[in-house]
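# Reading the structure
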Amino acid sequence: MKLQDHENILMRTDRLDDDSVVVNFDVYDTDQREVIKDGGYVHIRQELEFFNVVVYNCDGDVLSEVNVPFNFKELA
């Protein structure tokens, strides 16, 4: 899919009751000032030793799932 000059990807984040986060991706038309296409979303959940990241398409099918280990640097 190629975006037109008047289209942008709109990313909206929501925090769910279980403290996980969902990032929704939709196509926004800047001329019409509205969402014109529903996109997929990413669900991020914190586990004991990693983040579970699941990517869904616009139909709710899982495209990818990965566990990302925590990797933090000490603050100076």
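To start, this report covers the structure provided alongside it. (Residues numbered from 1 in each chain as written. Predicted model: local features only at pLDDT ≥ 70, side-chain atom pairs only at ≥ 80, totals over all residues. Heavy atoms only, no water.)

### Some thoughts on the packing of aromatic side chains
Counting across every chain of the model gives 2 aromatic pairs. Between Tyr41 and Tyr56 the ring centres are 4.5 Å apart and the planes differ by 15°, which places this aromatic pair in the stacked class. Taken together, the residues span a long stretch of sequence, with Tyr41 in strand E4 (residues 41-46) and Tyr56 in strand E5 (residues 50-56) at a distance of 15 residues. Taking relative accessible area as the criterion, Tyr41 reaches 27% and is therefore assigned partly exposed. Measuring from ring centre to ring centre gives 4.9 Å for Phe51 and Phe70, while their planes differ by 75°; the resulting arrangement is edge-to-face. Of the two residues, Phe51 sits in strand E5 while Phe70 sits in the segment after strand E6 (62-69), which places them 19 residues apart along the sequence. Residue Phe70 is classed as partly exposed on the basis of its relative accessible area of 28%. (Phe/Tyr/Trp six-rings, centres within 6.5 Å; stacked < 30°, edge-to-face > 60°. Helix = DSSP H or I, 4+ residues; strand = E, 2+ residues; numbered from the N terminus. Buried < 20%, exposed > 50% of the residue type's maximum accessible area, 1.4 Å probe, protein only.)

### Describing the pairing of strand E3 (residues 34-37)
The pairing of strand E2 (residues 21-29) with E3 spans 3 bridges and is antiparallel. By the bridge assignment for E3, Val27 is matched with Lys37. The antiparallel hairpin formed by E2 and E3 contains 4 residues in its connecting segment, where Arg33 sits at a positive phi of about 55°. (Pairing = 2+ DSSP bridges.)

### Observations regarding the pairing of E5
Across 6 bridges, the pairing between E4 and E5 is antiparallel. Within E5, the position partnered with Arg45 by the bridge is Asn52. Counted along the chain from E4 to the antiparallel partner E5, the turn is 3 residues long. With 7 bridges joining them, E5 and E6 adopt antiparallel strand pairing. Paired with Phe51 across the bridge in E6 is Val68. Where E5 folds back onto E6 in an antiparallel hairpin, the turn is made up of 5 residues, including Gly60, whose phi is positive at roughly 85°.

### Remarks on the environment of Asp14
With respect to the secondary-structure elements, Asp14 resides in strand E1 (residues 7-15). Accessibility expressed as a relative area gives 37% for Asp14, which makes it partly exposed. Through-space distance from the C-alpha of Asp14 to that of Asn24 is 8.2 Å; in sequence the pair is 10 residues apart. For Asp14, the contacting residues outside a window of four places in its chain are Ser20, Val21, Val22 and Asn24. A distance of 3.4 Å separates polar atoms of two side chains, one belonging to Asp14 and the other to Asn24. (Contact = heavy atoms within 4.5 Å. Polar contact = N/O pair within 3.5 Å; in protein donor to acceptor, adjacent residues only side chain to side chain.)

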